[in-house]
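Residue-level listing of the chains:
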Amino acid sequence: MLSVEGLRHTFGEGGGQVVALDGVSFTLMPGQALAIFGPNGAGKTTLLKVLAGLIRPQAGSVQVTGGRRAIGWIGHQSHLYEHLTVRENLLFWASLYGVPAARRGPRAAEVLGRLGMRDRADRPVWSLSRGLAQRAAIAKALIHDPSVLLLDEPFTGLDLAAAAELRALLGELRGGGGGAAGRVVVLATHNVDEGVELATDVAFQRHGRFVHFAPRGGREPAGIAEAYRRAVTDG
Amino acid sequence: MDELFAQAWTVARKDLLLEFRTRTAIVSTVVFTALVLTVFNFGRDPTAVPTIDLAPTILWVTFTFAAMLALNRAFQLELENQALEGLLVSPLNRTSLYWGKLIANLVFVAVVEAVGLPLFVLFFDVPVGRVLVPLIGVIALATLGFVAVGTLFSALVIRTRFAELLLVVILLPFLVPPLIGAVQITAQLLGGRPLSEAVGYFKLLAAYDIVFVSLASFLFRFTVDE
């Protein structure tokens, strides 16, 4: 479970102060995926960084069942070391996340198999295409089997096919069907077309506030896009 | 405590593996060390000042600047694909991160010094045979102090512009005490004076190491967390 209460955070001082988070609260259970849409500078990345523990908010609290070990982060960058192989990267991160030594190798093989990268496991990261590097970054985020996935603009730089593949994979990772517990997924993007199919809940963020937060229900992407356009341009 | 050390070793091993793969930093630093010693060798007048008087200063100026080159790379590695952000999201203890970087930097600088010391002996023809063990002891003590402070400061400046220049500017004043101690002990050792005369400077180096390793281990988290 991921629970957020009254988050507030600002950058700068005086007249140059920017409100990045202003009273953000929500709770997500396993199997729920929240897509946060907002223009550049709305505070999406700050929110994800607060959820990940990278920024300590000036007010409010974040509770993640399982603590920091339960979080998987996929950001703008892969966090992978270019001169290590994909497998070496995964074993390094598995070690930091406390995966027992005997489990690291099998777990890396399992994750790489799931992402269709088993035959690229021993290639250095610098030799991978953008799409494969993104898959390797997802493998890194999944190596410790996190129950909360935080995704910050994960589709940036991917072509249409790779983005569609990533959406399908994230839907699978969210899970929650067939009695499985699933994961909590929080996705931040400025593009409504990206990730809306994955979402069970939708939020529009503007000037640090959630100006809209509701279950997606049966709404079509076009309807959500129109609602988003109105929300971020009105007032 | 076991987990702290295990995580530190994981970070250090990764850094050393990356360096082994690329070899760019170690080769550059070793070449720099050789060049500085060469410049000092040809840029002095041996008839004006006896070599034995200049040698300790030359040795420590060379090691100090070579260590700075090495320290610059410590957190540069983590800028690649914003790996530092990944480390900070993970449950990696900040002290383990510092110790891991410290261990990797110590190994790196030790390799440079292991190449630099024989070159120093070769160029300046100084009698180190009799005093090799205490000389290595001084180098180890002073290097630990340099690297402990340098690792902390390299994390502090990594997100700034002109990080490489800034590191030198803020680090050098902190290196003055161990530099004085190391030069004095080396001069006494090379001058054939009894080791007992250098005990005070040995104590200075040891105290510096204890204080700054402890202080840097404590302060490190404030340099990397936003």
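Right above here is the structure, for reference.
Residues numbered from 1 in each chain as written. Chains lettered and ligands numbered in written order. Predicted model: local features only at pLDDT ≥ 70, side-chain atom pairs only at ≥ 80, totals over all residues. Heavy atoms only, no water.

Caption draft 1: Geometry of the pattern of salt bridges. Applying the stated criterion across every chain, the model contains 20 salt bridges over all chains. Ionic pairing is found between A:Lys49 and B:Glu85, a salt bridge with its closest N-O pair at 3.9 Å. Here the residue A:Lys49 occupies a position in helix H1 (residues 44–52), and B:Glu85 occupies one in helix H4 (residues 83–89), the pair thus bridging two chains. With relative accessibility at 18%, the residue A:Lys49 sits in the buried group. With relative accessibility at 13%, the residue B:Glu85 sits in the buried group. Here B:Lys14 makes a salt bridge to B:Asp15, at a shortest N to O gap of 2.6 Å. Residue B:Lys14 is classed as buried on the basis of its relative accessible area of 4%. (Salt bridge = Lys/Arg side-chain N within 4 Å of Asp/Glu carboxyl O. Helix = DSSP H or I, 4+ residues; strand = E, 2+ residues; numbered from the N terminus. Buried < 20%, exposed > 50% of the residue type's maximum accessible area, 1.4 Å probe, protein only.)

Caption draft 2: Representation of the interface of chain B and chain A. If you look at the interface, chain B gives 25 residues, while chain A gives 24 residues. Of the roughly 2400 Å² buried where chain B meets chain A, counting both sides, 59% is carbon and sulfur surface. Inspection of the region where chain B meets chain A yields three salt bridges. Among the salt bridges present, the one from A:Arg69 reaches B:Glu3, with a minimum N-O distance of 2.8 Å. Remark: the boundary between chain B and chain A carries 15 residue pairs in polar contact (both at pLDDT 80 or more). (Contact = heavy atoms within 4.5 Å. Buried area = accessible area lost by both parts, 1.4 Å probe. Polar contact = N/O pair within 3.5 Å; in protein donor to acceptor, adjacent residues only side chain to side chain.)

Caption draft 3: View of the pairing of strand S2 (residues 18–28) of chain A. Residue and element names in this part refer to chain A. Pairing geometry for strand S1 (residues 2–11) and S2, over eight bridges, is antiparallel. Across the sheet, leucine 2 pairs through a bridge with leucine 28, a residue of S2. Hairpin geometry of S1 and S2 is characterised by an intervening segment of six residues between the two adjacent antiparallel strands and by a positive phi of about 80 degrees at glycine 12. (Pairing = 2+ DSSP bridges.)

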